[in-house]
Amino acid sequence: MPIDLRSDTVTLPTPEMRQAMFEAEVGDDVYGEDPTVNRLEAMAAQRMGKEAAVLVASGTMGNLVSGLTHCQRGDEAIIGSKSHMLMYEVASLAAFGGVQMRPIANDERGMIDPDQVEAAMRPVNIHQPRTAMVAVENTHNRCSGGVLDSEDVGALAEAAHRHGAKFHIDGARIFNAAVALGIPPSELARPADTITFCLSKGLSCPVGSVVCGSKETIEGVRRHRKMVGGGMRQAGVIAAAGIIALDTMVDRLAEDHENAKRLALGLATLPGIHLNATAIQTNIVIFAVKDRSAESFVEALQSRGVLAGVAERGKVRLVTHYGVTAEDVDQALNAVEAVARGQARGRE
Ligand code: TLP
(Lines give C-alpha, C1' and ligand atoms only; values in the text may rest on other atoms or scores of the structure.)
Protein backbone atom coordinates (compact mmCIF):
# COMPACT_ATOMS: atom_id res chain seq x y z
CA MET A 1 0.00 0.00 0.00
CA PRO A 2 1.43 3.39 -0.91
CA ILE A 3 1.62 6.12 1.73
CA ASP A 4 -1.03 8.51 0.52
CA LEU A 5 -0.11 12.10 1.35
CA ARG A 6 -2.02 13.68 -1.55
CA SER A 7 -4.75 15.09 0.67
CA ASP A 8 -6.73 14.58 3.86
CA THR A 9 -9.71 13.98 1.55
CA VAL A 10 -8.42 10.43 1.04
CA THR A 11 -9.25 9.49 4.65
CA LEU A 12 -11.54 6.50 5.06
CA PRO A 13 -14.47 6.40 7.48
CA THR A 14 -13.77 4.84 10.88
CA PRO A 15 -15.47 1.53 11.83
CA GLU A 16 -17.66 3.50 14.26
CA MET A 17 -18.78 5.77 11.41
CA ARG A 18 -19.66 2.83 9.20
CA GLN A 19 -21.72 1.31 12.01
CA ALA A 20 -23.50 4.61 12.68
CA MET A 21 -24.25 5.01 8.96
CA PHE A 22 -25.65 1.50 8.85
CA GLU A 23 -27.94 2.13 11.82
CA ALA A 24 -28.85 5.75 11.05
CA GLU A 25 -32.45 6.77 11.59
CA VAL A 26 -33.44 8.61 8.39
CA GLY A 27 -36.26 10.57 6.76
CA ASP A 28 -36.74 12.98 3.87
CA ASP A 29 -34.41 15.87 4.60
CA VAL A 30 -35.97 18.20 2.02
CA TYR A 31 -39.08 18.01 4.25
CA GLY A 32 -36.79 18.59 7.24
CA GLU A 33 -37.69 15.11 8.45
CA ASP A 34 -34.33 13.40 8.73
CA PRO A 35 -33.65 13.20 12.48
CA THR A 36 -29.96 12.38 12.01
CA VAL A 37 -29.39 15.35 9.68
CA ASN A 38 -31.25 17.58 12.12
CA ARG A 39 -29.05 16.35 14.94
CA LEU A 40 -25.84 16.95 13.00
CA GLU A 41 -26.97 20.43 11.95
CA ALA A 42 -27.82 21.34 15.55
CA MET A 43 -24.45 20.02 16.74
CA ALA A 44 -22.57 21.88 14.00
CA ALA A 45 -24.36 25.15 14.76
CA GLN A 46 -23.56 24.75 18.42
CA ARG A 47 -19.87 24.03 17.75
CA MET A 48 -19.61 27.14 15.60
CA GLY A 49 -21.63 29.27 18.01
CA LYS A 50 -24.27 29.97 15.36
CA GLU A 51 -28.07 29.73 15.39
CA ALA A 52 -28.40 27.32 12.49
CA ALA A 53 -26.59 25.04 10.07
CA VAL A 54 -27.24 23.16 6.85
CA LEU A 55 -25.58 20.00 5.54
CA VAL A 56 -24.23 20.29 1.99
CA ALA A 57 -22.59 17.83 -0.36
CA SER A 58 -19.12 19.39 -0.38
CA GLY A 59 -16.97 22.33 0.62
CA THR A 60 -17.29 23.68 -2.90
CA MET A 61 -21.06 23.61 -2.64
CA GLY A 62 -20.93 25.24 0.81
CA ASN A 63 -18.85 28.13 -0.49
CA LEU A 64 -21.06 28.50 -3.56
CA VAL A 65 -24.40 28.56 -1.73
CA SER A 66 -22.99 30.94 0.90
CA GLY A 67 -21.79 33.26 -1.86
CA LEU A 68 -25.11 33.03 -3.71
CA THR A 69 -26.87 33.99 -0.47
CA HIS A 70 -24.68 37.04 0.17
CA CYS A 71 -24.23 38.33 -3.39
CA GLN A 72 -26.49 39.43 -6.24
CA ARG A 73 -25.56 39.23 -9.93
CA GLY A 74 -23.12 42.01 -10.79
CA ASP A 75 -21.78 42.24 -7.22
CA GLU A 76 -18.14 41.82 -6.32
CA ALA A 77 -16.56 39.48 -3.76
CA ILE A 78 -13.16 40.10 -2.24
CA ILE A 79 -11.12 36.94 -1.78
CA GLY A 80 -7.52 35.83 -1.27
CA SER A 81 -5.35 35.48 -4.36
CA LYS A 82 -4.45 31.89 -3.41
CA SER A 83 -7.86 30.93 -2.05
CA HIS A 84 -9.57 27.67 -2.91
CA MET A 85 -12.63 29.68 -3.99
CA LEU A 86 -10.54 31.45 -6.60
CA MET A 87 -8.24 28.64 -7.68
CA TYR A 88 -10.15 25.37 -7.42
CA GLU A 89 -13.89 25.88 -7.55
CA VAL A 90 -14.26 26.13 -11.31
CA ALA A 91 -15.23 29.81 -10.96
CA SER A 92 -18.59 28.59 -9.64
CA LEU A 93 -19.66 31.85 -8.00
CA ALA A 94 -18.84 33.78 -11.18
CA ALA A 95 -20.51 31.19 -13.39
CA PHE A 96 -23.71 30.61 -11.41
CA GLY A 97 -23.95 33.82 -9.41
CA GLY A 98 -22.64 36.39 -11.89
CA VAL A 99 -20.27 37.57 -9.14
CA GLN A 100 -16.98 39.26 -9.98
CA MET A 101 -14.15 37.87 -7.89
CA ARG A 102 -11.62 40.44 -6.70
CA PRO A 103 -8.42 38.80 -5.44
CA ILE A 104 -6.20 40.40 -2.80
CA ALA A 105 -2.72 38.98 -2.18
CA ASN A 106 -2.54 36.31 0.50
CA ASP A 107 0.56 36.50 2.67
CA GLU A 108 2.55 33.36 3.54
CA ARG A 109 0.08 32.40 6.25
CA GLY A 110 -3.00 32.95 4.11
CA MET A 111 -3.93 36.30 5.69
CA ILE A 112 -5.12 39.21 3.59
CA ASP A 113 -4.34 42.72 4.76
CA PRO A 114 -7.42 44.42 6.25
CA ASP A 115 -6.14 47.78 4.96
CA GLN A 116 -6.03 46.39 1.44
CA VAL A 117 -9.54 45.02 1.93
CA GLU A 118 -10.69 48.49 3.02
CA ALA A 119 -8.99 50.03 0.01
CA ALA A 120 -10.69 47.56 -2.33
CA MET A 121 -14.18 48.31 -1.01
CA ARG A 122 -16.26 49.92 -3.72
CA PRO A 123 -17.78 53.33 -3.12
CA VAL A 124 -21.41 53.88 -3.98
CA ASN A 125 -20.96 54.85 -7.61
CA ILE A 126 -23.05 54.15 -10.68
CA HIS A 127 -19.99 52.82 -12.53
CA GLN A 128 -18.95 50.27 -9.97
CA PRO A 129 -20.12 46.94 -8.64
CA ARG A 130 -21.26 46.61 -5.03
CA THR A 131 -18.81 44.86 -2.70
CA ALA A 132 -21.12 42.26 -1.23
CA MET A 133 -18.79 39.78 0.43
CA VAL A 134 -15.30 39.29 1.82
CA ALA A 135 -14.21 35.66 2.09
CA VAL A 136 -11.17 34.13 3.78
CA GLU A 137 -9.84 30.64 4.17
CA ASN A 138 -8.85 29.13 7.54
CA THR A 139 -6.67 27.08 7.56
CA HIS A 140 -5.24 28.11 4.21
CA ASN A 141 -4.68 25.25 1.83
CA ARG A 142 -2.20 26.80 -0.62
CA CYS A 143 -0.41 28.65 2.17
CA SER A 144 0.81 25.43 3.83
CA GLY A 145 -2.17 25.11 6.16
CA GLY A 146 -1.56 28.58 7.64
CA VAL A 147 -3.78 29.61 10.53
CA LEU A 148 -5.67 32.86 11.08
CA ASP A 149 -6.40 33.71 14.73
CA SER A 150 -9.42 35.47 16.24
CA GLU A 151 -7.79 38.86 15.84
CA ASP A 152 -7.13 38.28 12.13
CA VAL A 153 -10.67 37.21 11.34
CA GLY A 154 -12.06 39.95 13.59
CA ALA A 155 -10.15 42.63 11.68
CA LEU A 156 -11.30 41.31 8.30
CA ALA A 157 -14.90 41.00 9.42
CA GLU A 158 -14.82 44.55 10.71
CA ALA A 159 -13.50 45.83 7.38
CA ALA A 160 -16.28 43.95 5.57
CA HIS A 161 -19.08 44.93 7.91
CA ARG A 162 -18.08 48.61 8.04
CA HIS A 163 -18.91 48.74 4.34
CA GLY A 164 -22.06 46.65 4.50
CA ALA A 165 -20.42 43.52 3.03
CA LYS A 166 -20.90 40.04 4.47
CA PHE A 167 -18.01 38.00 5.84
CA HIS A 168 -17.65 34.35 4.85
CA ILE A 169 -15.08 31.89 6.15
CA ASP A 170 -14.11 28.92 4.04
CA GLY A 171 -13.34 26.87 7.12
CA ALA A 172 -12.89 23.59 5.27
CA ARG A 173 -10.23 22.87 7.92
CA ILE A 174 -11.44 25.20 10.70
CA PHE A 175 -11.05 22.43 13.29
CA ASN A 176 -7.36 22.20 12.36
CA ALA A 177 -7.07 25.93 13.00
CA ALA A 178 -8.90 25.67 16.32
CA VAL A 179 -6.81 22.71 17.50
CA ALA A 180 -3.57 24.47 16.46
CA LEU A 181 -4.58 27.57 18.41
CA GLY A 182 -6.05 25.63 21.33
CA ILE A 183 -9.34 27.54 21.17
CA PRO A 184 -12.92 26.50 20.36
CA PRO A 185 -13.83 26.91 16.67
CA SER A 186 -16.71 29.18 17.69
CA GLU A 187 -14.14 31.83 18.59
CA LEU A 188 -12.86 31.81 15.02
CA ALA A 189 -16.36 31.65 13.56
CA ARG A 190 -17.76 34.45 15.75
CA PRO A 191 -17.40 37.38 13.32
CA ALA A 192 -18.50 35.37 10.26
CA ASP A 193 -21.91 35.70 8.65
CA THR A 194 -21.35 32.21 7.25
CA ILE A 195 -18.74 29.56 7.82
CA THR A 196 -18.37 26.34 5.84
CA PHE A 197 -16.49 23.41 7.32
CA CYS A 198 -15.77 20.01 5.81
CA LEU A 199 -16.50 16.66 7.42
CA SER A 200 -14.78 14.86 4.56
CA LYS A 201 -11.19 16.01 5.13
CA GLY A 202 -9.24 15.54 8.38
CA LEU A 203 -12.43 14.51 10.17
CA SER A 204 -12.50 11.45 7.88
CA CYS A 205 -16.15 11.30 6.85
CA PRO A 206 -16.87 9.87 3.41
CA VAL A 207 -18.81 12.95 2.32
CA GLY A 208 -20.30 16.21 3.54
CA SER A 209 -19.72 19.77 4.64
CA VAL A 210 -21.80 22.10 6.81
CA VAL A 211 -22.61 25.80 6.45
CA CYS A 212 -23.37 27.65 9.70
CA GLY A 213 -24.83 31.10 10.29
CA SER A 214 -27.85 32.95 11.62
CA LYS A 215 -31.29 31.34 11.25
CA GLU A 216 -32.27 33.80 8.55
CA THR A 217 -29.03 33.43 6.59
CA ILE A 218 -29.16 29.64 6.72
CA GLU A 219 -32.72 29.72 5.36
CA GLY A 220 -31.26 31.53 2.35
CA VAL A 221 -28.39 29.07 2.11
CA ARG A 222 -30.83 26.14 2.28
CA ARG A 223 -32.86 27.66 -0.54
CA HIS A 224 -29.75 28.04 -2.69
CA ARG A 225 -28.69 24.49 -1.84
CA LYS A 226 -32.02 23.35 -3.33
CA MET A 227 -31.45 25.56 -6.36
CA VAL A 228 -28.12 23.93 -7.20
CA GLY A 229 -29.61 20.46 -6.78
CA GLY A 230 -28.15 19.83 -3.35
CA GLY A 231 -31.39 19.02 -1.55
CA MET A 232 -30.73 15.48 -0.40
CA ARG A 233 -33.30 13.01 0.85
CA GLN A 234 -32.34 10.31 3.39
CA ALA A 235 -29.07 12.11 4.01
CA GLY A 236 -28.96 10.79 7.58
CA VAL A 237 -26.60 8.08 6.34
CA ILE A 238 -24.10 10.86 5.62
CA ALA A 239 -24.92 12.87 8.73
CA ALA A 240 -24.45 9.85 11.00
CA ALA A 241 -20.75 9.78 10.13
CA GLY A 242 -20.58 13.54 10.70
CA ILE A 243 -21.89 13.18 14.24
CA ILE A 244 -19.21 10.59 15.03
CA ALA A 245 -16.62 12.88 13.45
CA LEU A 246 -17.56 15.85 15.63
CA ASP A 247 -17.59 13.63 18.71
CA THR A 248 -14.41 11.63 18.13
CA MET A 249 -12.18 13.02 15.38
CA VAL A 250 -11.47 16.64 16.33
CA ASP A 251 -8.92 16.34 19.14
CA ARG A 252 -6.85 13.79 17.25
CA LEU A 253 -6.07 16.38 14.55
CA ALA A 254 -3.20 17.37 16.87
CA GLU A 255 -1.51 14.08 15.84
CA ASP A 256 -1.72 15.08 12.18
CA HIS A 257 -0.14 18.41 13.07
CA GLU A 258 2.71 16.68 14.93
CA ASN A 259 3.29 14.38 11.97
CA ALA A 260 3.31 17.33 9.57
CA LYS A 261 5.85 19.11 11.76
CA ARG A 262 8.04 16.00 11.85
CA LEU A 263 7.76 15.75 8.08
CA ALA A 264 8.58 19.42 7.54
CA LEU A 265 11.59 19.40 9.86
CA GLY A 266 12.91 16.30 8.07
CA LEU A 267 12.34 17.81 4.64
CA ALA A 268 14.17 20.98 5.58
CA THR A 269 17.40 18.99 5.99
CA LEU A 270 17.28 17.53 2.45
CA PRO A 271 19.19 18.91 -0.54
CA GLY A 272 17.27 20.80 -3.22
CA ILE A 273 14.16 21.14 -1.05
CA HIS A 274 13.00 24.49 0.22
CA LEU A 275 10.44 25.26 2.88
CA ASN A 276 10.04 27.18 6.09
CA ALA A 277 9.53 24.19 8.39
CA THR A 278 9.03 26.27 11.52
CA ALA A 279 5.98 27.90 9.92
CA ILE A 280 4.07 24.60 9.62
CA GLN A 281 1.22 24.77 12.13
CA THR A 282 -1.29 22.21 10.88
CA ASN A 283 -1.40 19.23 8.49
CA ILE A 284 -0.29 20.68 5.13
CA VAL A 285 3.34 20.80 4.08
CA ILE A 286 4.33 22.48 0.82
CA PHE A 287 7.90 22.54 -0.40
CA ALA A 288 9.63 23.92 -3.47
CA VAL A 289 11.91 21.76 -5.58
CA LYS A 290 14.82 23.20 -7.49
CA ASP A 291 15.88 22.51 -11.07
CA ARG A 292 13.05 20.14 -11.93
CA SER A 293 9.29 20.19 -12.19
CA ALA A 294 7.07 19.35 -9.23
CA GLU A 295 5.26 16.91 -11.54
CA SER A 296 8.39 14.85 -12.18
CA PHE A 297 9.25 14.93 -8.47
CA VAL A 298 5.78 13.62 -7.62
CA GLU A 299 6.14 10.91 -10.25
CA ALA A 300 9.48 9.80 -8.84
CA LEU A 301 7.97 9.72 -5.35
CA GLN A 302 5.11 7.58 -6.58
CA SER A 303 7.51 4.96 -7.89
CA ARG A 304 8.90 4.85 -4.33
CA GLY A 305 5.50 4.25 -2.78
CA VAL A 306 4.61 7.79 -1.72
CA LEU A 307 1.69 9.67 -3.23
CA ALA A 308 2.04 13.45 -3.22
CA GLY A 309 0.36 16.36 -5.00
CA VAL A 310 1.49 19.36 -6.99
CA ALA A 311 0.53 22.54 -5.12
CA GLU A 312 1.54 24.97 -7.82
CA ARG A 313 4.40 25.41 -10.28
CA GLY A 314 7.55 23.98 -8.73
CA LYS A 315 5.86 23.08 -5.45
CA VAL A 316 4.92 19.72 -3.97
CA ARG A 317 2.20 19.26 -1.35
CA LEU A 318 2.10 16.58 1.36
CA VAL A 319 -0.86 16.31 3.72
CA THR A 320 -0.96 14.29 6.93
CA HIS A 321 -4.18 12.71 8.16
CA TYR A 322 -5.91 9.92 10.07
CA GLY A 323 -4.50 7.27 7.70
CA VAL A 324 -0.86 8.34 8.20
CA THR A 325 1.31 7.29 11.16
CA ALA A 326 4.63 8.71 12.41
CA GLU A 327 6.33 5.62 10.89
CA ASP A 328 4.72 6.44 7.54
CA VAL A 329 6.16 9.94 7.82
CA ASP A 330 9.65 8.54 8.39
CA GLN A 331 9.25 6.21 5.45
CA ALA A 332 7.99 9.07 3.28
CA LEU A 333 11.01 11.13 4.33
CA ASN A 334 13.31 8.33 3.19
CA ALA A 335 11.56 8.28 -0.17
CA VAL A 336 11.77 12.06 -0.56
CA GLU A 337 15.44 11.94 0.40
CA ALA A 338 16.15 9.29 -2.23
CA VAL A 339 14.38 11.34 -4.89
CA ALA A 340 16.05 14.57 -3.76
CA ARG A 341 19.52 13.02 -3.70
CA GLY A 342 18.89 11.36 -7.06
CA GLN A 343 17.87 14.76 -8.29
CA ALA A 344 21.03 16.31 -6.86
CA ARG A 345 23.00 13.69 -8.78
CA GLY A 346 20.75 14.12 -11.81
CA ARG A 347 19.73 10.44 -11.80
CA GLU A 348 16.14 10.17 -10.59
N1 TLP B 1 -9.47 20.95 -1.26
C2 TLP B 1 -8.96 19.79 -1.93
C3 TLP B 1 -8.70 20.07 -3.41
O4 TLP B 1 -9.81 20.61 -4.01
C5 TLP B 1 -7.53 20.97 -3.66
C6 TLP B 1 -7.70 19.32 -1.26
O7 TLP B 1 -7.26 18.21 -1.59
O8 TLP B 1 -7.16 20.04 -0.40
N9 TLP B 1 -11.97 24.82 0.68
C10 TLP B 1 -10.73 24.39 0.91
C11 TLP B 1 -9.79 25.23 1.69
C12 TLP B 1 -10.30 23.15 0.40
O13 TLP B 1 -9.06 22.75 0.61
C14 TLP B 1 -11.22 22.36 -0.33
C15 TLP B 1 -10.82 21.05 -0.94
C16 TLP B 1 -12.51 22.85 -0.52
C17 TLP B 1 -12.85 24.10 -0.01
C18 TLP B 1 -13.55 22.10 -1.32
O19 TLP B 1 -14.01 21.00 -0.64
P20 TLP B 1 -14.73 19.80 -1.45
O21 TLP B 1 -13.60 18.98 -2.03
O22 TLP B 1 -15.50 19.11 -0.40
O23 TLP B 1 -15.57 20.42 -2.50
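Residues numbered from 1 in each chain as written. Predicted model: local features only at pLDDT ≥ 70, side-chain atom pairs only at ≥ 80, totals over all residues. Heavy atoms only, no water.

1. Looking at the sheet that holds strand S9 (residues 273-274)
In step 1: Strands sit in the order S9-S10-S13-S12 across an open sheet of 4 strands; the sheet is antiparallel. Every interior strand has two partners, whereas the edge strands, S9 and strand S12 (309-312), have only one.
In step 2: This element, helix H12 (residues 253-267), spans S9, strand S10 (284-289) and strand S13 (315-319) of the sheet and lies at about 15° to S10.
In step 3: Against the sheet, helix H13 (residues 294-302) engages S9, S10, S12 and S13, with an angle of about 160° to S12. (Pairing = 2+ DSSP bridges. Helix = DSSP H or I, 4+ residues; strand = E, 2+ residues; numbered from the N terminus. Contact = heavy atoms within 4.5 Å. Axes fitted to C-alpha atoms, helices over the stretch in contact; angles between N-to-C directions.)

2. With respect to the side chain of Lys201
In step 1: In this structure, Lys201 sits in the loop between strand S7 (194-198) and strand S8 (209-213).
In step 2: For Lys201, the residues in contact, after removing those within four places along its chain, are Asp8, Thr9, Thr11, Ala172 and Arg173.

3. Remarks on the domain arrangement of the protein chain
In step 1: The domain architecture assigned to the protein chain consists of domain 1 (12-248) and domain 2 (252-347).
In step 2: Taken together, the contact between domain 1 and domain 2 spans 22 residues of the former and 15 residues of the latter.
In step 3: Its largest share of buried area at the contact with domain 2, domain 1 owes to Arg142, Ser144 and Asn176, together 33% of the area lost on that side.
In step 4: Put simply, domain 1 and domain 2 have 2 salt bridges between them.
In step 5: Measuring nitrogen to oxygen at the nearest pair gives 3.9 Å for the salt bridge that ties Glu312 to Lys82.
In step 6: At the junction of domain 1 and domain 2, the tally comes to 6 residue pairs in polar contact (both at pLDDT 80 or more).
In step 7: Split by residue class, the side of domain 1 that touches domain 2 holds 7 nonpolar, 10 polar and 5 charged. (Domains from an automatic or database assignment. Buried area = accessible area lost by both parts, 1.4 Å probe. Salt bridge = Lys/Arg side-chain N within 4 Å of Asp/Glu carboxyl O. Polar contact = N/O pair within 3.5 Å; in protein donor to acceptor, adjacent residues only side chain to side chain. Nonpolar A, V, L, I, M, F, W, Y, C, P; charged D, E, K, R; others polar.)

4. Some details on the sheet that holds strand S2 (residues 52-56)
In step 1: Judged by pairing direction, the sheet is mixed, and its 7 strands sit side by side in the order S2-S8-S7-S6-S5-S3-S4 without closing on themselves. Among the strands making up the open sheet, the edge pair consists of S2 and strand S4 (100-104). Geometrically, the sheet is characterised by an average inter-axis angle of 20° between neighbouring strands, direction not taken into account.
In step 2: Sheet topology note: the S2/S8 ladder contains 5 bridges and is antiparallel. What sits directly across from Val54, in S8, is Val211.
In step 3: The strands that helix H3 (residues 59-70) touches are S2, strand S5 (131-137), strand S6 (166-170), S7 and S8; relative to S7, the one it contacts most, it runs at about 170°.
In step 4: Contacts from helix H7 (residues 150-162) reach S5 and S6, with the element oriented near 145° to S6.

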